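The lines below spell out each chain.
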Amino acid sequence: MSPSSAQMKRRAGFDFTRWAIHPALIFTVVFFALPLTAMVVVSFWQRVYGKLTATWTLANYSKFFAKDYLLDALLNSIEVTLATTAISILLAYPLAYILAYRIPAHWQRFVLILTVLPFWTAYVVRSYSWLLVISEKGILNVMLMDIGLINEPLAMSYSRGATVLGFVHFFTMLLTLTIYANLVQIKSSYRKAAADLGASPLQVFLRITLPLSLPGVAVGAFITFVICIGDYITPQILGGGTEVLIPQAIMLQVSRAANFPMASVMSITLMVVVVAVYFISAKHLKMERV
Amino acid sequence: MGTLRNSIKRKVSRRSFVAGAAGAAVASTVLPKAGRAAGDLNVLVWCDHADEKLLAPFEAKHNVKVNVKTYEGTGTALSIIEQSAPGDWDVLVVDAPDTPLVAGMGLLEPMDEGALPLNDLLPQLTSAAFNHVDGVRYAVPEKFGYYGVAYNKDKVDEADMRSAQVMWDSKYKGRVAIYDYYFPAMQLIAISMGIHPDNISMDDLPSIREKLLAMKPNVKMVGDIVSVQNALVNGDVDIILNGAEFAVSGLMPTMPQLDWTIFNEGGLMWIQGLCVFSGSNKKDLAFDFVNHVLSPKGQGSLATSECYWAMPANKNAVLSDAEKKILRWDEQPAFLDRSVPSTISQADIDAEMLDIWTEFLQS
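Note that the coordinates shown come from a computational prediction; the quantities given were computed from them, not determined experimentally.

It is worth spelling out the overall build of chain B at this point. What chain B contains, in helices and strands, is 15 helices and 14 strands. Sorting the 363 residues of chain B into buried and exposed places 56% on the buried side. Put simply, 77% of the contacts in chain B that link residues at least 6 apart link residues at least 24 apart.

Printed below as a string of structure tokens:
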């Protein structure tokens with residue numbers, strides 16, 4: 001092969017790679033970078049007498065941080081998201097552990113399918129289904145009253161607890177998958193060696209399995225945090241609107257007042273929180289382990 | 001559509017292909033999904049205009065297909081129109097008080113009052129100022145209803161429902177849902193305080209805020225129409241505030257324990273209007289459609305649509321006795337006498353109201 005033809009091949013290969021990157025690059029610029037830039041710009045504008053005016057101001061940011069009821073939306077979202085993430089981890093870890101180490105290998109695929117079943121249901125349908133379960137005339141109250149455990153129906157629906165319940169149902173499954181994928185990568189020889197050296201099952205878990213499975217927990221927890229804090233549907237349907245989370249506050253500004261500057265401020269604040277959480281958990285986020 | 005047709009005529013370059021594809025994508029998103037043949041009538045309407053019982057007689061009579069695109073909120077309609085070419089749409093249903101806004105954009109065709117059955121329509125609706133701009137009619141009312149109260153008769157004292165004070169009645173602590181449209185909700189509070197909704201000023205907002213916050217102990221949930229309906233039907237609440245016939249009438253044939261009314265202190269009306277687009281290429285057919293919807297049979301179908309029930313604008317609408325009972329037809333003269341339309345507020349008052357509403361939700 002002459003040097004010139006090899007050079008041509010390399011050039012052809014280089015060209016292909018460059019072309020292959022373009023669609024994704026264009027997509028990212030058009031559908032992420034440009035809208036994000038527009039959102040940042042608009043957050044410094046104002047809506048005056050129903051019209052968007054391009055006068056630069058920090059008034060929207062000042063208002064957001066000065067008004068308790070707006071800032072509370074962000075704090076409510078963080079509280080609900082942290083509760084959801086913590087409860088989901090506590091439920092998902094044992095499930096993933098049993099799936100990885102206690103279920104025979106030939107049954108694991110079937111159980112995994114059962115685990116991801118909630119993903120097959122539409123978000124809205126899943127939330128409304130929970131309402132049918134926990135409402136005053138719902139299955140749960142009827143059952144509890146029938147067996148005599150309660151005399152009056154419990155008020156479970158339209159509350160923060162109902163929102164967390166709806167979230168946990170979904171994210172437990174997500175976390176189970178990420179933790180399971182991590183657990184099955186841990187070599188069994190590590191646990192066997194620890195046991196041979198006299199470690200109890202609890203010590204094996206605490207000093208071998210748990211530390212090595214933390215990347216799976218961290219990745220799942222991060223994904224849970226990001227999706228949960230930006231979710232609008234679940235709190236809207238299950239929460240009952242008697243407290244507002246940040247996505248609902250954003251939607252109120254957009255759908256009812258077309259106040260895009262204030263909605264942009266809230267969205268940027270939400271992004272800052274997510275980025276901060278990313279940096280806090282970055283050292284544990286090892287995607288190759290899940 | 002014009003962009004797409006022209007681009008096909010030209011030599012297909014990469015640029016024209018991209019433009020054509022983009023046009024096709026926009027057209028497939030914006031225009032009604034059913035056919036777009038030359039003889040079709042394209043109507044941009046609320047969901048209550050999609051029933052077969054309303055459209056089929058018109059289609060059979062004129063041998064045309066009515067392509068329905070439904071929307072919610074005037075803002076959404078305007079964005080759809082913005083993405084369409086002149087002539088794509090023939091008929092528009094609009095929140096009647098928004099008529100001057102849409103007409104002011106040059107989108108609406110003036111209406112010949114002599115060609116409309118105005119004498120058959122309720123005068124309280126046809127005479128409203130927002131149907132006209134500079135003395136020219138651009139919209140004709142077709143359906144209306146109220147922001148009031150809907151409730152479960154088995155769980156409440158019906159006499160309580162007639163008074164706006166029910167909003168603060170401790171007897172219903174934790175048993176109330178509120179339809180989440182903040183604007184009429186706060187106008188209802190104003191009515192309870194003796195303030196005419198059109199006269200709400202910035203100075204009135206602190207006292208309205210106080211009354212709104214005082215409602216919170218009674219409120220179990222705040223949500224859209226479907227959510228508050230679910231809460232009532234599931235027994236989580238017994239009362240829907242800021243909702244009336246549109247929230248429960250469609251459910252009442254199978255759930256007779258539900259009912260609705262307006263307050264003795266005054267009612268707040270919503271009105272939807274029919275308009276014809278100035279850019280329509282089928283204006284005669286469009287006006288025929290308007291008259292079909294306004295006819296007694298059309299009005300009966302529209303009033304009892306599967307999407308939501310409400311009052312027909314036509315006094316002679318064909319309704320069964322049972323339907324009239326559900327819609328409290330015999331009480332309409334009294335209801336109309338003490339009701340006012342919910343019209344658009346000034347932008348600064350509206351913005352302040354939304355802030356107060358957000359504070360209320362968060363309280």
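Residue and element names in this part refer to chain A. When cut into domains, chain A gives domain 1 (1–43) and domain 2 (60–289). Using C-alpha coordinates to define each centre, domain 1 is positioned 36 Å away from domain 2. Contacts between the two partners involve five residues from domain 1 and, on the opposite side, nine residues from domain 2. Interface area for domain 1 against domain 2, summed over the two sides, is near 530 Å², with a carbon-plus-sulfur share of 75%. On the domain 1 side of the interface with domain 2, the three residues burying the most area are Met39, Val42 and Ser43, jointly 82% of the side's total. Linking domain 1 to domain 2 there are zero salt bridges. Grouping the constituent residues of the side of domain 1 that touches domain 2 by class yields four nonpolar, one polar and no charged.

Take the layout of surface pockets next. Within this model, the second largest pocket holds a volume of roughly 380 Å³. Looking at the lining of the second largest pocket, the elements with two or more residues in it are strand E1 (46–48), helix H2 (59–66) and helix H12 (260–281) of chain A together with helix H15 (347–362) of chain B. Looking at the lining of the second largest pocket, the element that brings in the most residues is H15 of chain B, giving six residues. Residues of the lining of the second largest pocket, tallied by class, amount to ten nonpolar, five polar and five charged.

Residues and elements named next belong to chain B. Scanning the model with the defined rule gives 14 salt bridges over all chains in all. Salt-bridge contacts for Lys65 lead to Glu59; the nearest nitrogen and oxygen are separated by 3.8 Å. You can call Lys65 partly exposed: its relative accessible area is 37%. Its salt-bridge partner being Glu331, residue Arg162 comes within 3.1 Å of it at the nearest N-O pair.

Turning next to helix H11 (residues 283–294) of chain B. With twelve residues, H11 of chain B should cover 16 Å at 1.5 Å per step; its first-to-last C-alpha distance of 16 Å lies within 8% of that length. Within H11 of chain B, burial applies to Leu285, Ala286, Phe287, Phe289, Val290, His292, Val293 and Leu294 of chain B.

Residues and elements named next belong to chain B. Spatially, the five strands line up as an open sheet ordered E9-E8-E10-E7-E11, and their pairing is mixed. Two strands in the sheet have a free side with no partner beyond their single neighbour: strand E9 (219–223) and strand E11 (258–261). Adjacent strand axes in the sheet meet at a mean angle of 20°, parallel and antiparallel pairs treated alike. By the bridge criterion, three bridges tie strand E7 (residues 149–152) to strand E10 (residues 239–241) in an arrangement that is antiparallel. Looking at the pairing, Val149 lines up with Leu241 of E10. Sitting on the sheet, helix H9 (residues 225–233) touches E7, strand E8 (176–179), E9, E10 and E11, and the angle it makes with E9 is about 145°.

In this section: the pairing of strand E6 (residues 140–147) of chain B. All names here are of chain B. Within E6, eight of the eight residues are buried, which leaves the element mostly enclosed by the surrounding structure. Where E6 meets strand E12 (residues 267–276), seven bridges bridge the pair, whose relative direction is antiparallel. Within the sheet, the bridge partner assigned to Lys143 lies in E12 and is Gln272. Across two bridges, E6 lies against strand E13 (residues 311–312) in antiparallel orientation. Within the sheet, the bridge partner assigned to Lys143 lies in E13 and is Pro312.

Before going further, it helps to examine the interface of chain A and chain B. Chain A puts 26 residues into the contact, and the matching count from chain B is 29 residues. Of the roughly 2,500 Å² buried where chain A meets chain B, counting both sides, 49% is carbon and sulfur surface. At the junction of chain A and chain B, the tally comes to two salt bridges. Across the salt bridge formed by Lys63 of chain A and Asp355 of chain B, the nearest N and O atoms sit 2.5 Å from each other. The tally of links between chain A and chain B comes to eleven residue pairs in polar contact (both at pLDDT 80 or more). Those elements that provide at least two residues to the side of chain A that touches chain B are helix H3 (68–101), helix H5 (123–134) and helix H11 (246–256) of chain A. With five residues, the top contributor of residues to the side of chain A that touches chain B is H3 of chain A. Here the side of chain A that touches chain B is composed, by residue class, of eleven nonpolar, nine polar and six charged.

Reading the values: rules and limits
- Residues numbered from 1 in each chain as written.
- Chains lettered and ligands numbered in written order.
- Predicted model: local features only at pLDDT ≥ 70, side-chain atom pairs only at ≥ 80, totals over all residues.
- Heavy atoms only, no water.
- Helix = DSSP H or I, 4+ residues; strand = E, 2+ residues; numbered from the N terminus.
- Buried < 20%, exposed > 50% of the residue type's maximum accessible area, 1.4 Å probe, protein only.
- Contact = heavy atoms within 4.5 Å.
- Domains from an automatic or database assignment.
- Buried area = accessible area lost by both parts, 1.4 Å probe.
- Salt bridge = Lys/Arg side-chain N within 4 Å of Asp/Glu carboxyl O.
- Nonpolar A, V, L, I, M, F, W, Y, C, P; charged D, E, K, R; others polar.
- 1 Å grid on protein atoms, 1.4 Å probe; cavity = no way out; pocket = protein on both sides within 12 Å on 5 of 7 lines; lining within 4 Å.
- Points joined across faces, edges and corners; volume = space filled by probe spheres on them.
- Expected span 1.5 Å × (residues − 1).
- Pairing = 2+ DSSP bridges.
- Axes fitted to C-alpha atoms, helices over the stretch in contact; angles between N-to-C directions.
- Polar contact = N/O pair within 3.5 Å; in protein donor to acceptor, adjacent residues only side chain to side chain.

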